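# Understanding the architecture of this molecule
Below are the chains, spelled out letter by letter.
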Amino acid sequence: MRDRVKARNFDMNGNRYKCDICRIESTNAKDFINAYLIADAFAKQLREKSRESGGKFADSPGNTTNGLLLCRTCDVMFEGHDLEVSGKGGITISKEAMKNPSFKDAINRIKKYKYVVPWKDHIDTDVFQFPTSAMLEWRKTLPTALSKRALEEMGEYQDEVSDDEKVEELSFRGEPKAEKENGEMKTKKKARTDNKRKR
Ligand SMILES: [Zn+2]
């Protein structure tokens, strides 16, 4: 998908690259990042939506329709959901991002072009295969890829904790002799286990 998204941008902009959000230009592709509209983490839901509503959603995150070529600043704002693109191509930026000096230049460019993406007129057309309005609106409801990862990590962490609790309970119940040998430590453990049970 990366190559197709770059080629689309290059063709549209007369043999140079322009950020798909703030329109900063460069002839060096390395100045840009290929961003996913819908993160890989939501691939399953994306495929379901694609099946249910023929053509309104990409059938996989690797589809060109799911990609944007962004400058590094816009990528940071976009990934963090500090910058959102509506189904009609309008750009909104969070108050926090508006205050961030490192985003200032990009935001000024966005402002200059009246807070709309350069591919506004290609939304829901087949010409350049830009994100569809349905995908853009869906993205706005999704947690950031970062917080999704964070949630998953928390989930794993919680599982580990509950496994530890099980182990602790088992060893406590199963080793009354060990408790006598090392009374102080086990007493502490017992207190902690009891507290957990009360909750
Ligand atoms: Zn940009």
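As shown above, the structure is provided for reference.
Residues numbered from 1 in each chain as written. Predicted model: local features only at pLDDT ≥ 70, side-chain atom pairs only at ≥ 80, totals over all residues.

## So, the overall build of the chain
What counts is decided by this rule: In this text, helices come from DSSP runs of H or I with a minimum length of four residues, and strands from runs of E with a minimum of two, each type numbered from the N-terminal end. The burial criterion counts other C-beta atoms lying within 10 Å of a residue's C-beta, which is placed from the backbone; the residue is buried at 20 or more, exposed at 12 or fewer, and partly exposed between these limits. A pair of residues counts as a contact when their C-beta atoms, built from backbone coordinates, are within 7 Å of each other.
Of the regular secondary structure elements, the chain holds nine helices and six strands. Residues classed as buried in the chain amount to 24% of the 199 residues present. Long-range contacts, defined here as pairs at least 24 residues apart, represent 64% of the contacts in the chain between residues at least 6 apart.

## Observations concerning helix α1 (residues 2–12)
Side chains three or four residues apart in an α-helix point the same way, a direct result of the helix having 3.6 residues per turn. Which entries qualify depends on this criterion: Our arc is simply the arc of the directions from the helix axis toward the C-beta atoms.
By the burial criterion, the buried members of α1 are Val5, Arg8 and Asn9. Viewed end-on, α1 has its buried residues packed into an arc of 95 degrees, placing them on one side of the element. Exposed residues on α1 whose side chains face more than 90 degrees from its buried face are Asp3, Ala7 and Asp11. Buried residues along α1 sit in contact with β1 (17–18), β3 (32–36) and β4 (67–71). Where α1 ends, the next residue or the one after it, glycine 14, has phi of about 60 degrees, a positive value.

## Points about the nonpolar core
Just so we agree on the cut-off: Any set of buried Ala, Val, Leu, Ile, Met, Phe, Trp, Tyr and Cys residues joined through C-beta atoms within 7 Å is what this text calls a nonpolar core.
Counting 35 residues, the largest nonpolar core has Ile21, Leu70 and Cys74 as the members making the most contacts within it. Those elements giving two or more residues to this core turn out to be β3, β4, α3 (72–79), β5 (83–85), α5 (104–112) and α6 (133–141). Residue contributions to this core peak at four residues, all from β4. Every residue in contact with leucine 70, bar those within four places of it in the chain, is listed here: Cys19, Asp20, Ile21, Phe32, Ile33, Ala35, Asp75 and Phe78.

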